[in-house]
Structure formats: structure tokens, C-alpha cells
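# Summary of the model geometry
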Amino acid sequence: MKSRLSIRCTSAVTIILICFVCNLTFAQTETITVVLGNGEKVTLSTWSFVYYVVRSNELVPQGSTAQPLQKRSQNLYLIERHDQEEGKIDFGKGKEINITTENLSSIEFIWNWKYGTLEKVIITRIDGHQLTRSRLGPIATSFLGDDKFLYGKTLYLEGDYPGEKGLQHLNYNLNKWLRGKLPKKEIIEKIIFQ
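Residues numbered from 1 in each chain as written. Predicted model: local features only at pLDDT ≥ 70, side-chain atom pairs only at ≥ 80, totals over all residues. Heavy atoms only, no water.

Moving on, we come to the overall build of the protein chain. Looking only at helices and strands, the protein chain has one helix and eleven strands in total. Helices (α) and strands (β) of the protein chain occur, in sequence order from the N terminus, as α-β-β-β-β-β-β-β-β-β-β-β. In the protein chain, which comprises 194 residues, the share counted as buried stands at 34%. The long-range share in the protein chain, meaning contacts at least 24 apart out of those at least 6 apart in sequence, stands at 55%. Accessible area of the protein chain: about 12400 Å², with a carbon and sulfur share of 53%. (Helix = DSSP H or I, 4+ residues; strand = E, 2+ residues; numbered from the N terminus. Buried < 20%, exposed > 50% of the residue type's maximum accessible area, 1.4 Å probe, protein only. Contact = heavy atoms within 4.5 Å. Areas by Shrake-Rupley, 256 points an atom, 1.4 Å probe, with all protein chains shown as cover.)

Take a look at the structure:
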């Protein structure tokens, strides 16, 4: 009798410990790998997408601009573009595309290095499904609330990575489509999530 009770208690404690460890693991911030144009790879920790949105109905003094609101998330919130049949399945122009970080495999930016322009962006989900678009935006805003006057302005990737001078901070505009005179080491080619 004691041995059965002991085994049950031990099993229960083991299950509780496993659940506790799993919850700690899920609570920890995951890292992602960023591949730069020069081939260098950096591992970002404490990363997030930072969405900048403005209220299109906000009155601002002439000569100034509306102050953007910021929202951080590890999920990708986009709107299907009007310039192509994105995904070719269930295509609905203006439909929201909301991809959780668990379902996001990579975002690849295909640059024309000769002309310094972005040719396309390939978003790959964990199941292998790909969305190809000319730019990463436009941004969905419904995840911020029901305000119909919110307009997605731009999307940044932020995070920390170890560098030569200690911990460095990355703050990169993912809607960039011209690289201008920036060197390849300052341009993102691919973000790997899984």
C-alpha cells in the first residue's frame, strides 16, 4: 500500500516539475537569427516587432506630423497587398494575415545589390507555405483595437545581440525598400525564427 502511494506521489511530483520547467521554458524570450547582407549572422535576444501606427483622423498643426503609437509583439500582423495574388489560396485583397511567432519560419529579403533596391520579400511559415510580396507592409492594425482610424505606418525589428563592444541594440526598419549607400553589413537579408 505504501509503495503504491509513494509511486503515485512521486509521479505527481514529477509531472508538476515537468509542467513547471515547461512553463519556464515557454516564458523565456526566444532568440532569432538575423543574416546580414555580408553573410554575418547575429543572434537577437529580447527581440520584438515594433509596430508604428498613427490615427488618420488626428488633427495636427500645419507643418507637423502625427505622433505614432507603438505596439510591440513577436507576432507578424500584415494586410494582403493589392499588387499580386498573395498566396493564391483564399486571396482577399485587404484581408489580414496574422502569423504567430510559433508559425513563423523565416522572412527573406531579396535585394538587387547592383541597383540597391528590394526585389521581393518571402515570408515562410513553419508548414512550408510561402507568401511572396514586393514589400513587407502594409501593416494590420486591428490587433491594437477596434479603432478604424488607425493606420499602420512602419514596422521595425528590435533586439539585443553580443558585439565587439558588449551588448548591441538592433533597431531596423523592415519596410525598407531602398538600401541607398548603406553597406551590406547594415542590411538584413534574412530573419530565421525556427
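This brings us to the pairing of strand 6 (residues 104-112). For strand 6, the tally of buried residues reaches seven of nine residues, placing the bulk of the element in the interior. Sheet analysis places strand 6 next to strand 7 (residues 117-125), joined by eight bridges and oriented antiparallel. Its bridge partner lying in strand 7, Glu108 is registered against Ile122. Linkage of strand 6 to strand 7, two consecutive antiparallel strands, is achieved through a turn of four residues, within which Gly116 is found at a positive phi near 70°. Both strand 6 and strand 11 (residues 188-192) contribute to a ladder of three bridges, which runs antiparallel. Residue pairing in the sheet places Ser106 in a bridge with Ile192 of strand 11. (Pairing = 2+ DSSP bridges.)

Attention shifts here to the packing of aromatic side chains. Considering all chains together, one arrives at seven aromatic pairs under this definition. Relative to Phe49, the ring of Trp47 has its centre 5.4 Å away and its plane inclined at 85°; by these criteria the two rings are edge-to-face. (Phe/Tyr/Trp six-rings, centres within 6.5 Å; stacked < 30°, edge-to-face > 60°.)

Cis geometry marks the peptide bond from Gly137 to Pro138; its omega dihedral reads 5°. Tracing the backbone shows Pro138 in the loop between strand 8 (130-133) and strand 9 (150-163). You will see that Thr46, though not glycine, has its phi angle at about 45°, which is positive. Inspection of the secondary structure assignment puts Thr46 in strand 2 (residues 41-55).

Before going further, it helps to examine the pairing of strand 8. Only one face of strand 8 is buried: it carries Leu131 and Arg133, and the other face, with Gln130 and Thr132, is open. For strand 7 and strand 8, the ladder comprises four bridges, and the chain directions are antiparallel. Paired with Ile122 across the two strands is Thr132, which belongs to strand 8. The antiparallel pairing of strand 7 with strand 8 creates a hairpin that spans four residues between the two strands, and Gly128 there sits at a positive phi of about 95°.

Moving on to the environment of Tyr51. When you line up the elements, Tyr51 lands in strand 2. On the basis of relative accessible area, Tyr51 is assigned to the buried category, the value being 0%. Residues Tyr51 and Gly152 lie 101 residues apart in sequence; the distance between their C-alpha atoms is 7.3 Å. Among the polar contacts listed, one links the side chain of Tyr51 to the backbone oxygen of Asn75, at a separation of 2.6 Å. (Polar contact = N/O pair within 3.5 Å; in protein donor to acceptor, adjacent residues only side chain to side chain.)

Attention shifts here to the side chain of Lys176. Summarising the element assignment, Lys176 is placed in the loop between strand 10 (166-173) and strand 11. Ignoring sequence-local partners within four residues, the contact set of Lys176 consists of Trp111, Leu118, Leu182 and Ile187.

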